Amino acid sequence: SKGDTAFRPIEAHPSFALGGGDGEHVIFVLFEDAEDVVSGPFSSSITLDTVAPAPPLGAAAIAINGGAAFTNDAGGVVTLGFVTADETSGVASMQLATDATFTSAGAFQPVATSTVFALAAGADGARDVFVRFEDRAGNISDPFSASIVLDRTPPVIGSVVLDGGGDFTTTPLAVVDIAATDALAGVSRMALSTTGSFAADATVAFDTPETFFLAPGDGQRAVFVKVFDAAGNASDVVSDAITVDSI
C-alpha cells in the first residue's frame, strides 16, 4: 500500500499518486477534526489505464471490403471492418481519415465492428484509409491503415479475331484470339457468346487464344466477346465473324 504517513491540511481536490500498474485502485481517506477525533476510513475506486487500444496479436485493425484488392463503386463508397481491444477500460470510439495526419478526419465516433466510408475523391488509383481508437480512459492508439485500388474504368478490347482472320472455315470449332487491356485491376474474366447475349454467370478466366463452338449450321457465324477486370468492370462487346462451309 501507499499513502500519507501523517494527516495533511484538508483540501477539496488534493492530488494523490496511485501505486502499482494498470487496473483498479482503491483510495482510502481518514478525516480528523480540531479535537483530534478521526472518522473513516472512507473509500473510492478508479481504474488506471495507460495503454492505448490495439488489435489482438495477428489481427488486422482495419479491412476494406473484407480485404478486397479492388473496388469499382461509382461513389468510392466501401465497407470498413475493424478489430480492436482494450483489456482495462474498453474501447470507446474511433476516428477515420483518408490521410495519415488525420487532417481530413471527422470527430471521433462510437466504436463499431463495421461502417461505410467514402474514399478520397479524385481519379482512379490506390486509396488508403486510416483509423485510430480511443479507450474510455482517453488513450488514443497509433493510426492503423488499409489500402484498396479504386478502379471504375472498364477494360478495353482491342480486337477479336477468329481463326487468325480467315474468311472461311470447314469446322464449327473456332480459335478466338482476344486482345484486351486494363490499366489498373487487369483483365481477369471473359464471356463469349454466339448471340450477343450473356448469362450473368457465364464467365471464365481470361485466356487467349480460346477455342469456341460457333452456332450450328453453315453460313456466316459470329462470336461476341466481353471481358471483365478484377474490379468487376465490364468492357463493351466486340465481335468477329467467319463463314462456315462444311460441304
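Preceding block: the structure.
To keep things clear, this report deals only with the structure shown in the data block.

Each value, and the rule that gives it
Residues numbered from 1 in each chain as written. Predicted model: local features only at pLDDT ≥ 70, side-chain atom pairs only at ≥ 80, totals over all residues. Heavy atoms only, no water. Helix = DSSP H or I, 4+ residues; strand = E, 2+ residues; numbered from the N terminus. Rg over C-alpha atoms; globule rule 2.2 N^0.38 Å. Buried < 20%, exposed > 50% of the residue type's maximum accessible area, 1.4 Å probe, protein only. Contact = heavy atoms within 4.5 Å. Areas by Shrake-Rupley, 256 points an atom, 1.4 Å probe, with all protein chains shown as cover. Lys, Arg positive; Asp, Glu negative; His and termini not counted. Charge placed at Lys NZ, Arg CZ, Asp CG, Glu CD. Pairing = 2+ DSSP bridges. Axes fitted to C-alpha atoms, helices over the stretch in contact; angles between N-to-C directions.

Comments concerning the overall build of the protein chain
Part 1 of the reasoning: When helices and strands are counted, the protein chain shows zero helices and 18 strands.
Part 2 of the reasoning: The C-alpha atoms of the protein chain give 33 Å as radius of gyration, which overshoots the globular expectation for 247 residues (18 Å, by more than 25%).
Part 3 of the reasoning: Dimensions of the protein chain, computed from the C-alpha atoms along their principal axes, are close to 125 × 30 × 20 Å.
Part 4 of the reasoning: Counting only residues that meet the buried cut, the protein chain has 28% of its 247 residues in that class.
Part 5 of the reasoning: The contacts in the protein chain between residues at least 6 apart in sequence include a share of 58% that link residues at least 24 apart.
Part 6 of the reasoning: Carbon and sulfur atoms provide 55% of the accessible area of the protein chain, an area that totals close to 14200 Å².
Part 7 of the reasoning: Side chains of the protein chain give 9 positive and 31 negative charges; the mean places of these two sets differ by 3 Å.

Things to note about the environment of V38
Part 1 of the reasoning: You can see V38 is positioned in strand 2 (residues 38-48).
Part 2 of the reasoning: Taking the C-alpha atoms as reference, V38 lies 98 Å from T195; in sequence the two are 157 residues apart.
Part 3 of the reasoning: Setting aside residues no more than four positions away along its own chain, V38 makes contact with F7, L30, F31 and E32.

Points about the sheet that holds strand 18 (residues 238-244)
Part 1 of the reasoning: Pairing within the open sheet is mixed, and its five strands lie in the order 12-18-17-14-15. Strands with a single pairing partner mark the edges of an open sheet, and in this sheet they are strand 12 (168-169) and strand 15 (204-205).
Part 2 of the reasoning: Pairing of strand 14 (residues 187-193) with strand 17 (residues 219-229) involves six bridges; the strand directions are antiparallel. Bridge pairing links M190 to V227 in strand 17.

Comments concerning the sheet that holds strand 11 (residues 156-162)
Part 1 of the reasoning: Here three strands make up an open sheet; going across it, the order is 11-13-16 and the pairing antiparallel. Because the sheet does not close on itself, it has two edges, and the strands there are strand 11 and strand 16 (210-213). Across the sheet, the mean angle separating the axes of adjacent strands is 35° when strand polarity is ignored.
Part 2 of the reasoning: As defined by bridge partners, strand 11 adjoins strand 13 (residues 173-181) across six bridges and the pair is classed as antiparallel. Pairing of V161 across the sheet is with D177, part of strand 13.

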